Amino acid sequence: EGVFVPFLGRLACTRFAPAVVAMRRDVPVLPAFGHRVAGAPAHVVEIGPRIAIERGPGGHQATADDAALRANVSRMTQPIEAAIRRAPEHWLWTQRRFRTRPEAPASERAPVYPPRGRWLRAARHALRGRLR
């Protein structure tokens, strides 16, 4: 349910609905990010410059195969990546962002994440040994 665009050095499947809405309704897209102020119990919201949205040849009928849609999703993802790189300690993402991957031969699909459950199982076994 998305298109693959570059994100943090990898292709990431990214939802395209915000880009479709912006393309169909010709609405402005402004990136906004909140972050903590060092040494103060306060937050600041930064609003970035308007992201240029191109209409594309399909006009109001943008589809996942549309190059303009992919370009717009990529443009909308770039400020997110820049914000993460600027202050990674302010970012929390619990979803496995790179789980869905583009088609590639099995020999080229290196695992992105460690297998689930192994660290928990190892911790449980270590604790059992100490509790006995």
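Each value, and the rule that gives it
Residues numbered from 1 in each chain as written. Predicted model: local features only at pLDDT ≥ 70, side-chain atom pairs only at ≥ 80, totals over all residues. Heavy atoms only, no water. Helix = DSSP H or I, 4+ residues; strand = E, 2+ residues; numbered from the N terminus. Contact = heavy atoms within 4.5 Å. Buried < 20%, exposed > 50% of the residue type's maximum accessible area, 1.4 Å probe, protein only. Arc of directions from axis to C-beta. Phe/Tyr/Trp six-rings, centres within 6.5 Å; stacked < 30°, edge-to-face > 60°. Salt bridge = Lys/Arg side-chain N within 4 Å of Asp/Glu carboxyl O.

## Here's the deal with the side chain of Thr-14
Reasoning step 1: The topology assignment puts Thr-14 in strand 2 (residues 10-14).
Reasoning step 2: Excluding its chain neighbours within four sequence positions, the residues that come into contact with Thr-14 are Gly-2, Val-3, Val-5, Val-73, Thr-77 and Arg-97.

## Regarding helix 1 (residues 17-25)
Reasoning step 1: Turning to helix 1, its buried residues number three or more, namely Ala-19, Val-20, Ala-22 and Met-23. One side of helix 1 carries all its buried residues, which in axial view fall inside an arc of 165°.
Reasoning step 2: If you follow the buried residues of helix 1, they end up packed against helix 2 (67-86).
Reasoning step 3: Phi turns positive, to about 55°, at Asp-26, one or two residues after helix 1.

## A look at the packing of aromatic side chains
Aromatic ring pairs are reported here in terms of the distance separating the ring centres and the angle at which the planes meet.
Reasoning step 1: This model, assessed by the stated rule, comprises two aromatic pairs.
Reasoning step 2: Summarising the aromatic geometry, the rings of Phe-7 and Trp-93 are spaced 6.4 Å apart at their centres and angled 50° between planes, so their arrangement reads as tilted. Remark: Trp-93 occurs in the loop between helix 2 and helix 3 (118-131) and Phe-7 occurs in strand 1 (residues 3-7); sequence separation between them is 86 residues.
Reasoning step 3: A relative accessible area of 36% means that Trp-93 is categorised as partly exposed.

## Section: the environment of His-90
Reasoning step 1: The topology assignment puts His-90 in the loop between helix 2 and helix 3.
Reasoning step 2: According to the relative accessible area criterion, His-90 is partly exposed, its value standing at 27%.
Reasoning step 3: Once the C-alpha coordinates of His-90 and Gly-34 are considered, the two residues, 56 residues apart in sequence, prove to be 8.7 Å apart.
Reasoning step 4: Discounting residues that sit within four places of it in the chain, His-90 has contacts with His-35 and Arg-36.

## Looking at the pattern of salt bridges
Proximity of charged atoms lets side chains of opposite charge pair with each other.
Reasoning step 1: All chains considered together, the criterion is met by two salt bridges.
Reasoning step 2: A salt bridge links Glu-54 to Arg-75; the shortest N-O distance between them is 2.9 Å. Pair noted here: Glu-54 is in the loop between strand 4 (43-47) and helix 2 and Arg-75 is in helix 2, with a separation of 21 residues, a long-range link.
Reasoning step 3: Assessed through its relative accessible area of 34%, Glu-54 is described here as partly exposed.

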